Amino acid sequence: MAARARLLALAALVLVLVLTTAPGADALRSLGVGDDAGAAVAQGDAAVDLNATAFDAFLGAAREPFAVVEFFAHWCPACRNYKPHYEKVAKLFNGPDAAHPGRVLMARVDCALKANVDLCSRFSVDHYPFLLWGPPTKFVNIKWDRKQEKSEIKLIDDGRTAERLLKWINKQIESSFTLDDKKYENESMLPKNASDPEQIVRAIYDVEEATAHALQIILEHKMIKPETRDSLVRFLQILVAHHPSKRCRRGSAELLINFDDHWPSNISLSSQDSSRMLESVETDDHKICGKEVPHGYWMFCRGSKSETRGFSCGLWVLLHSLTVQIGDGESQSTFTSICDFIHNFFICEECRKHFYEMCSSVSVPFKSARDLSLWLWSTHNKVNERLMKDEKDLGTGDPSFPKVVWPPKALCSSCYRSSSKTGDEAVQVDWNEDEVFSFLVNYYGKMLVSSYKETYMESQEKKLVGHVGPLSDDASSSAARVPIGAALGVAIASCTFGALACFWRAQQKNRKYSYRLHSLKKI
């Protein structure tokens, strides 16, 4: 009898372990997690259940920048009552229906399980529920207690309801999420609803996302070097004047003002120096489009698969928007800046080479914004045609958003004089370029507008940018040869652009404290 009792007890223990470690495959895959034992999602739950077996490996591999880990005991009445509150918040960030995926990983550990006792002791759990916050990787292989100084793991001391927990999280990541936020669906987006041109207004958020993502890539990959810094400065100057988002224009101006402080022109940064510069930029809160960007998700540019559209789509929209907002006198300098930016800072090597080859094929300088806008539109269509064939051959396209010639007839029927299909099913179009340009100006210019109301200081920024004036094409050719921090006299002797750039930078430096500290605080 004793042996049988022990056998039954062992069987029960095995069953408990299986139930607590068996992964919910669909939910985990939605979080980018494999089928490793030790990480599970109970049916209907958004938070990931972890145990000691997989805790460190799971959090160490997490893609989210932050995590909340709830330590609880399944026998605790308060924990059972708290679970619906925790789940409400978890559903905003975890799972296939998350409104804000990729921002915060929500996990939990049951300290009542014997297998997790030592894990809970590692984090000095002394009451239930016990919530900790921090970057996922900071939870890995550490012992924590609340008396530690300078720890990135924080005790959440005000999260006993869903509302209070989300308020605490919003404060940490400077967001404004609500419990009513819903997953943004692409069902109404092009090409499924190609007759609705007003969908482009939602792309303002993706343009911000792409801008912030581009800068983050540049910083993380230490791409600002003596030979590339001037091309980034020129691109930032275009963003200051013509970015469709007001807060990105403001952030670009701030970054430009402090550029020499973070990346001096007279030194070649080592890997260690670059890391310190990156930390300095992040510490100084240089988020190019504001504290709430990146959002962590795409709207207009979200694909039906996680690996499609997204950043590349957002970057294309940004470039189109810039070319329809510049003046004729800026066309050649904008062309050069865009080509140099992609060549120096776009991390997909094959894409970068293809784009720069198309840039290099231009033999006559652009004399108007119309010519540049049409060139970029034509270039984008050539890229789409090439990718259309590649994706068809390899099966890597987005079935909901296949590559098409742009714009489709549903958006601009007047852009087409005639169209026909060739033998390989490619579409041959006789374009009315006057109508195409009119469409581009309306679609990427007038309709791609920010939903933010213009403040007094933003109106002053416009005046400031107008006073400084755009960079002329005559000055653009010699810009790369002039160090941004060079002496004014040398710049004047070198080229007109150098003089203008240094004068502008000097004026901005003088305004740095009077303008930024007093004025920007009012925004």
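1. A look at helix H8 (residues 229–242)
Residue pairs spaced three or four apart in an α-helix point in one direction, given the helix's 3.6 residues per turn.
Moving on, step 1. Between its terminal C-alpha atoms H8 stretches 20 Å, which fits the 20 Å expected from 14 residues at 1.5 Å a residue.
Moving on, step 2. By the criterion of burial, H8 is predominantly enclosed, with 13 of the 14 residues buried.

2. Brief notes about the packing of helix H7 (residues 203–220) against helix H12 (residues 311–325)
Helix packing geometry: the angle between the two helix axes and the distance between the axes.
Moving on, step 1. At a closest axis distance of 8 Å, the pairing of H7 and H12 adopts a crossing angle of 105°. Here H12 runs roughly perpendicular to H7, going by the angle between their axes. In this structure, H7 uses Ala203, Asp206, Val207, Ala210, Thr211, His213, Ala214 and Ile217 to contact H12, whose residues at the interface are Phe311, Gly314, Leu315, Val317 and Leu318.
Moving on, step 2. Taken together, the residues of the contact of H7 with H12 break down into 9 nonpolar, 3 polar and 1 charged.

3. Section: helix H9 (residues 246–257)
Moving on, step 1. End to end, H9 covers 17 Å across 12 residues, agreeing with the expected 16 Å (1.5 Å per residue, within 8%).
Moving on, step 2. Summarising burial for H9: 11 of the 12 residues are buried, a large majority.

4. Focus on the packing of H8 against H9
Moving on, step 1. Remark: H8 packs on H9, axes separated minimally by 7 Å, with the N-to-C direction vectors making an angle of 145°. Taken as a pair, H8 and H9 cross one another with a handedness that is left-handed. Touching Val233, Leu236, Gln237, Leu239, Val240, Ala241 and His242 of H8 are Arg249, Ser252, Ala253, Leu255 and Leu256, all from H9.
Moving on, step 2. Residue classes in the contact of H8 with H9 are distributed as 8 nonpolar, 3 polar and 1 charged.

5. Describing the state of the cysteines
Moving on, step 1. In this structure the tally under the stated criterion is 5 disulfides.
Moving on, step 2. The disulfide partner of Cys111 is Cys120, and the S-S distance across this bridge is 2.0 Å. On the sign convention where negative means left-handed, the S-S torsion of about -95° between Cys111 and Cys120 marks this disulfide as left-handed. Here Cys111 and Cys120 have matching classes, each one buried.
Moving on, step 3. Covalent S-S linkage joins Cys301 and Cys313, the inter-sulfur distance amounting to 2.1 Å. Between Cys301 and Cys313, the S-S torsion sits near -65°, and that sign places the bridge as left-handed. Pair noted here: Cys301 is in the loop between helix H11 (271–283) and H12 and Cys313 is in helix H12, with a separation of 12 residues, a long-range link.
Moving on, step 4. Given a relative accessible area of 0%, Cys301 falls into the buried group.
Moving on, step 5. Looking at Cys313, the relative accessible area reads 14%, which means it is buried.
Moving on, step 6. By sequence-ordered numbering of the bonded cysteines, the protein has its disulfides arranged as 1-2, 3-4, 5-6, 7-8, 9-10.
Moving on, step 7. For Cys79, which is in no disulfide, the shortest distance to another cysteine sulfur is to Cys76 and amounts to 3.1 Å.

6. Some thoughts on the confidence of the model for the protein
As a general rule, the predicted coordinates of low-pLDDT regions are not to be interpreted in detail.
Moving on, step 1. Of the residues in the protein, 69% reach a pLDDT of 70 or more, and the chain-wide mean stands at 75.
Moving on, step 2. The low-confidence segment residues 7–37, where pLDDT is below 50, has 34 contacts with residues more than four positions distant or belonging to other chains.

7. Considering unusual backbone geometry
Moving on, step 1. In this chain, Tyr128 is followed by Pro129 through a cis amide linkage whose omega measures -15°.
Moving on, step 2. With respect to the element layout, Pro129 can be found in the loop between helix H5 (117–122) and strand S5 (130–134).
Moving on, step 3. Cis peptide bonds are those with omega within 30 degrees of zero, and the linkage from Trp406 to Pro407 qualifies with -5°.
Moving on, step 4. Summarising the element assignment, Pro407 is placed in the loop between helix H15 (369–394) and strand S7 (416–421).
Moving on, step 5. The backbone of Ser124 shows a phi angle near 55°, a positive value even though the residue is not glycine.
Moving on, step 6. You can see Ser124 is positioned in the loop between H5 and S5.
Moving on, step 7. For Ser124, a relative accessible area of 28% puts it in the partly exposed group.
Moving on, step 8. Phi is positive for Arg309, close to 60°, though the residue is something other than glycine.
Moving on, step 9. Position of Arg309 among the secondary structure elements: in the loop between H11 and H12.
Moving on, step 10. On the accessibility criterion, Arg309 (24% relative accessible area) is partly exposed.

8. Side note on the environment of Ile218
Moving on, step 1. Mapped onto the secondary structure, Ile218 falls in helix H7.
Moving on, step 2. Classification of Ile218 by relative accessible area gives buried; the value is 2%.
Moving on, step 3. Separated by 126 residues in sequence, Ile218 and Asn344 have C-alpha atoms that sit 9.4 Å apart.
Moving on, step 4. Leaving out residues up to four positions away in the same chain, Ile218 has contacts with Met223, Ile224, Leu232, Phe341 and Phe345.

9. Structural notes on the packing of aromatic side chains
Moving on, step 1. Using the criterion set out here, one finds 24 aromatic pairs in the structure.
Moving on, step 2. Seen in terms of ring centroids, Phe93 and Phe177 are 5.8 Å apart; in terms of plane orientation they differ by 65°. Their pairing is edge-to-face. Of this pair, Phe93 sits in helix H4 (residues 77–93) while Phe177 sits in the loop between helix H6 (162–173) and H7; the two residues are 84 residues apart in sequence, bridging distant segments of the chain. No difference in accessibility class separates Phe93 from Phe177, as the two residues are buried.
Moving on, step 3. Taken together through their ring pairs, the aromatic side chains of Phe55, Phe71, Phe123, Phe130, Phe139 and Trp144 make up a single cluster.
Moving on, step 4. The ring centre of Phe300 lies 5.9 Å from the NZ or CZ of Arg309, which sits over that ring.
Moving on, step 5. The ring centre of Phe401 lies 4.3 Å from the NZ or CZ of Arg309, which sits over that ring.

The rules behind each value
Residues numbered from 1 in each chain as written. Predicted model: local features only at pLDDT ≥ 70, side-chain atom pairs only at ≥ 80, totals over all residues. Heavy atoms only, no water. Helix = DSSP H or I, 4+ residues; strand = E, 2+ residues; numbered from the N terminus. Expected span 1.5 Å × (residues − 1). Buried < 20%, exposed > 50% of the residue type's maximum accessible area, 1.4 Å probe, protein only. Axes fitted to C-alpha atoms, helices over the stretch in contact; angles between N-to-C directions. Parallel < 35°, antiparallel > 145°, perpendicular 65-115°, else oblique. Contact = heavy atoms within 4.5 Å. Nonpolar A, V, L, I, M, F, W, Y, C, P; charged D, E, K, R; others polar. Left-handed = near helix turned anticlockwise from the far one by under 90°. Disulfide = S-S within 2.5 Å. pLDDT = per-residue confidence, 0-100. Phe/Tyr/Trp six-rings, centres within 6.5 Å; stacked < 30°, edge-to-face > 60°. Lys NZ or Arg CZ within 6 Å of the ring centre and 35° of its normal.

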